[in-house]
Amino acid sequence: MKKILASMMEWLRPIGIGLVIWSAYTWGQDAVSQFHIMGPFIVMLMSGTVAFESLYLGETASAKIGYEPNRAYQIQSGLANAAIAFTAWMVYLLDWGRYADATIVTVMLLFFAFSAVNHLVTAIRDGNRKPVNLMRPILILLLIGFLLPAMLKALKM
């Protein structure tokens, strides 16, 4: 069951991001309101699913990306991601404004960019050629390429 859930996470993220973006452009009236929907919800989706994988799927999640399981580190990383996801929920729910939206999105993007560099290093140094491991750097670049212009547009208004 955990293997199925771990595989589902890889599909849940892009499908969920697509739905969030569609929702933002459907219900948002301008760049600020669109980013207020897409920013925090993408953070909740990305950081929340990583937290779930780290805290609940443990060894299965590690095996999927070709890492040795380290429960102490996974729990710590999972809790950090849960904190980011929860903060994004608060930013959205309490409507703290576009700068809070931009801040939590920046934190998430930096975390995943640094993580992607780590994945790239393990691919080169350790020969970790698992497809999920190799896709991480590409996917974060796509996410940055999409969210950064939307964020900058919202901050200009």
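Above this text you will find the structure in question.
These lines cover the structure that appears in this document, whether it is placed above or below. (Residues numbered from 1 in each chain as written. Predicted model: local features only at pLDDT ≥ 70, side-chain atom pairs only at ≥ 80, totals over all residues. Heavy atoms only, no water.)

1. A few points about the side chain of threonine 49
Filter applied, for reference: For the purposes of this entry, the term helix denotes a DSSP run of H or I that reaches at least four residues, the term strand denotes a run of E that reaches at least two, and both are numbered from the N terminus. Relative accessible area decides the class of each residue, using a 1.4 Å probe on protein chains only: under 20% of the type maximum gives buried, over 50% gives exposed, and in between gives partly exposed. The definition of a polar contact used here is a pair of N or O atoms within 3.5 Å, where within protein one atom must be able to donate a hydrogen and the other to accept one, and adjacent residues in sequence count solely through side-chain atom pairs. Between two residues, a contact is recorded if the distance between any of their heavy atoms is within 4.5 Å.
Assignment of secondary structure puts threonine 49 in helix α2 (residues 31-65). Its relative accessible area of 7% is what places threonine 49 among the buried residues. For threonine 49, the side chain forms a polar contact with the main-chain oxygen of leucine 45, separated by 2.8 Å. In this view, threonine 49 contacts Met9, Leu12, Arg13 and Met44; residues no more than four positions away in its chain are not counted.

2. Comments concerning the packing of aromatic side chains
Rule in force here: A pair of Phe, Tyr and Trp rings is counted when the ring centres sit within 6.5 Å of each other, with Trp represented by its six-membered ring. The angle between the planes then sorts it: under 30 degrees is stacked, over 60 is edge-to-face, the rest tilted. Remark: a charge is flagged as sitting over a ring if the NZ atom of Lys or the CZ atom of Arg is within 6 Å of the ring centre and within 35 degrees of the ring normal.
This model, assessed by the stated rule, comprises 5 aromatic pairs. An angle of 35 degrees between the planes, with centres 5.5 Å apart, marks the rings of phenylalanine 86 and tryptophan 89 as tilted. In this pair, phenylalanine 86 and tryptophan 89 both sit in helix α3 (residues 71-93), 3 residues apart, roughly one turn of the helix. Judged by relative accessible area, phenylalanine 86 falls into the partly exposed class, the value being 48%. You can call tryptophan 89 partly exposed: its relative accessible area is 38%. Across the ring face of tyrosine 56, the terminal group of lysine 2 is positioned such that the distance to the ring centre comes to 5.0 Å.

3. Quick word on the packing of helix α4 (residues 98-125) against helix α5 (residues 131-156)
Helix packing for two helices is described by the angle between their axes and how far apart those axes are. Worth spelling out the cut-off: Only the stretch in contact is used when fitting a helix axis, every axis being a line fitted to C-alpha atoms; angles between N-to-C directions are given from 0 to 180 degrees. An angle below 35 degrees is read as roughly parallel, one above 145 as roughly antiparallel, one from 65 to 115 as roughly perpendicular, and any other as oblique. By convention, the crossing between two helices is left-handed when the near helix turns anticlockwise from the far helix through less than a right angle, and right-handed when the turn is clockwise. Each residue gets one of three labels, nonpolar for Ala, Val, Leu, Ile, Met, Phe, Trp, Tyr, Cys and Pro, charged for Asp, Glu, Lys and Arg, and polar for the others, Gly among them.
In the contact formed by α4 and α5, the axes pass within 9 Å of each other and the chain directions differ by 160 degrees. Overall, the two elements α4 and α5 adopt an arrangement that is roughly antiparallel. Of the two possible hands of crossing, α4 and α5 adopt the one that is left-handed. For the contact of α4 with α5, the per-class residue count stands at 19 nonpolar, 4 polar and 3 charged.

4. Remarks on a nonpolar patch on the surface
We apply this condition: Patch members must show over 30% relative accessible area and no salt bridge, and they are joined within 9 Å when carrying like charges or within 5 Å when they are nonpolar side chains of Val, Leu, Ile, Met, Phe, Trp or Tyr. Exposure was quantified through the Shrake-Rupley algorithm and a 1.4 Å probe, taking into account, for residues, occlusion by the shown protein chains and nothing else. Each salt bridge in this description consists of a side-chain nitrogen of Lys or Arg and a carboxyl oxygen of Asp or Glu lying within 4 Å of one another.
A contiguous nonpolar surface patch, about 560 Å² in accessible area, is contributed by Phe86, Trp89, Leu93, Leu94 and Trp96. Relative to the helices and strands, leucine 94 resides in the loop between α3 and α4. Look at leucine 94 and you get partly exposed, because its relative accessible area is 48%.

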